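Here's the letter readout for the chains.
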Amino acid sequence: MPMIRMSVLYWSYFAIFGVLFPYAGRYFHAYGFNFEQIGWIMACVTGANLFAPFIIARLSDITGQRVILARISIVCLLFALFLLKPTMGIGYVMMIALLIGMALSMALPQFEAIAMQVLGEDKHKYGLIRMWGTLGFLSTVWITGAVLAQFGVDWFRYGLMALVAFLLVITFWIPKLAVVEDTVVHAKTSGLERLKIPVIVLVFVVMLLNQAALAPYNIFADLYWQQWGFSSGAIGTLLALAAIAEAALMAVIPILLKRGGYYPLVVISLILAISRWLIMALVPDNMALLVIAQVIHAFSFGAMHGTAIYLVAHLFAKRHQGMGQSLYVSIVAGGGLILGNLVSGYLWDDGSGAKGVFLLAATSCTLSLILVVLFLKPQQLKSHFLS
């Protein structure tokens, strides 16, 4: 029963992302923002990850009140969406985008830490919960494209507000056993001291480079494919296909981690990620290859994310899970995506720079792969596991 409740929570949270990231570009473009401005707006959303998780991370580790703190974050998110008015200009929109990003990034580490507490010794089963987040993303990404085409781009904001309100309700259903049992009120350490260990820092760097490579896909894929003549229905299908593949892989990641460990999964995922971005760069009009590229999303994002959460859970003590997950959100989702958003927004140039952007994404994943092969083999990392 606790896993079912957490699965519903993840469905609700990531359903928001199925609207926000794939269609924000279309929404703001319709209001007259150019590609560079859209890049800055989305950089504000993701850039909040750099600092916002820490606003409540230490407090949650000390008090154990993760659910209440996450609920406060969701209320702030709903308020920020209510204030979103694109006609107010780029400065105002960037400020609201920052608030949206702050609320999202404060809530997620708490949900991840709660999930780890629910799973206990079965942390490798995280994929079974996260799979439902992917299905939530899939549900909304598939529907939203058609809704916006039929009723107009303003339904982007209305849909987001409805989903956030639903998530707020679901937070009242989170299992009580998720309260951290080994909370130390006067803990002498915060978990940040783990960053003094070079291989742990490298784990975050590897994930950051991979996340940066995903950024141009997240914010420009919809517009990119429109420029290549794909219909809204075809684009929605491609986006949904990625989520379907991710959900399918998430279901078996627990088995893969249990039997093979993290290393082969990460290496294979990065090799496939390089192939994916090369397809996007070199043959963006080939539907057959795009289908393959979208299936690879299961590895370039799904497997990498699932493995990252697994590693963070093992590399940080139980009482520091809030801080560990906050560091992941900050360094990877924050640093990686803001880097990718800014660079891709600057280079995109109305689509003429798209090829170079995706080639750069492939390069980023190549560097990530080299670091894994050289420095993150199991014998180099597992000695630092705490659980």
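Residues numbered from 1 in each chain as written. Predicted model: local features only at pLDDT ≥ 70, side-chain atom pairs only at ≥ 80, totals over all residues. Heavy atoms only, no water.

Participant: Quick rundown of empty space enclosed by the protein? Include the residues and the values.
Facilitator: Considering all chains together, one arrives at four cavities of 30 Å³ or more under this definition. Estimated volume of the largest cavity: approximately 580 Å³. Lining the largest cavity are 34 residues, and of these F17, F21, Q211, N218 and F301 sit closest to its centre. Broken down by secondary-structure element, the contributors of at least two residues to the lining of the largest cavity are α1 (2-30), α2 (35-47), α5 (90-119), α6 (126-151), α8 (198-227), α9 (232-260), α11 (287-315) and α12 (321-348). Residue contributions to the lining of the largest cavity peak at six residues, all from α8. What the second largest cavity holds in volume is close to 60 Å³. (1 Å grid on protein atoms, 1.4 Å probe; cavity = no way out; pocket = protein on both sides within 12 Å on 5 of 7 lines; lining within 4 Å. Points joined across faces, edges and corners; volume = space filled by probe spheres on them. Helix = DSSP H or I, 4+ residues; strand = E, 2+ residues; numbered from the N terminus.)

Participant: Which residues make up the packing of aromatic side chains, and what are the values?
Facilitator: By the definition in use, this model includes 23 aromatic pairs. On the numbers, 5.0 Å between centres and 85 degrees between planes, the contact of Y13 with F14 is edge-to-face. Taken as a pair, Y13 and F14 share a single burial class, namely buried. One aromatic cluster is present, formed by F35, Y217, F220, Y224, W225, W277, W348 and F358 through successive ring pairs. Here the basic side chain of R130 rests over the ring of F14, its NZ or CZ set 3.8 Å away from the ring centre. One cation-aromatic arrangement involves R276 over Y217; the distance from NZ or CZ to the ring centre is 4.3 Å. (Phe/Tyr/Trp six-rings, centres within 6.5 Å; stacked < 30°, edge-to-face > 60°. Buried < 20%, exposed > 50% of the residue type's maximum accessible area, 1.4 Å probe, protein only. Lys NZ or Arg CZ within 6 Å of the ring centre and 35° of its normal.)

Participant: Describe the confidence of the model for the protein, and please don't skip the residues or the numbers.
Facilitator: Counting all residues, the mean pLDDT for the protein is 89, and 96% of those residues have values of 70 or more. Confidence drops under pLDDT 50 across residues 177-186; counting only partners more than four residues distant or on other chains, this segment forms 22 contacts. (pLDDT = per-residue confidence, 0-100. Contact = heavy atoms within 4.5 Å.)

Participant: Summarise the nonpolar core; cite the residues concerned and give the values.
Facilitator: Ranked by size, the top nonpolar core spans 134 residues in total, and within it W225 and W277 carry the most contacts. Tallying contributions element by element places α8 first for this core, with 17 residues. Once residues lying within four places of it in the same chain are set aside, the contact partners of W277 are A213, L214, Y217, F358, A361, A362 and C365. In this structure, A52, I56, L69 and M106 belong to the second largest nonpolar core, which totals six residues. (Core = buried A, V, L, I, M, F, W, Y, C linked by side-chain atoms within 4.5 Å.)

Participant: Go over a nonpolar patch on the surface with me, naming the residues and quoting the values.
Facilitator: On the surface, I370, V373, L374 and F375 cluster together into a nonpolar patch covering about 330 Å² of accessible area. Among the secondary structure elements, V373 is positioned in helix α13 (residues 354-375). (Patch = residues over 30% accessible without salt bridge, like charges linked within 9 Å, V, L, I, M, F, W, Y side chains within 5 Å. Areas by Shrake-Rupley, 256 points an atom, 1.4 Å probe, with all protein chains shown as cover. Salt bridge = Lys/Arg side-chain N within 4 Å of Asp/Glu carboxyl O.)

Participant: Can you lay out the packing of α1 against α8 for me, pointing to particular residues and giving the numbers?
Facilitator: Packing of α1 against α8 leaves a shortest axis separation of 6 Å and a crossing angle of 65 degrees. Crossing handedness for the pair α1 and α8: right-handed. From α1, F21, P22, Y23, G25, R26 and H29 reach across to α8, where they touch N218, I219, D222, L223 and Q226. (Axes fitted to C-alpha atoms, helices over the stretch in contact; angles between N-to-C directions. Left-handed = near helix turned anticlockwise from the far one by under 90°.)

Participant: Requested: an account of the environment of Y126, with residues and values cited.
Facilitator: For Y126, the position within the fold is in helix α6. Those residues in contact with Y126 that lie beyond four places of it in its chain are Y10, E112, M116, L119, H305, G306 and I309.

Participant: Quick rundown of the pattern of salt bridges? Include the residues and the values.
Facilitator: Oppositely charged side chains can form a pair if their charged atoms are brought close together. All told, the structure shown has two salt bridges when counted by the stated rule. We note a salt bridge from D222 to R26, for which the minimum N-O separation is 3.0 Å. Note that D222 is positioned in helix α8 and R26 in helix α1, a separation of 196 residues in sequence. The buried category is assigned to R26, whose relative accessible area is 12%. Between E246 and R130 there is a salt bridge, with the nearest N and O atoms lying 3.6 Å from each other. You can see E246 sitting in helix α9 and its partner R130 sitting in helix α6, a full 116 residues away along the chain.

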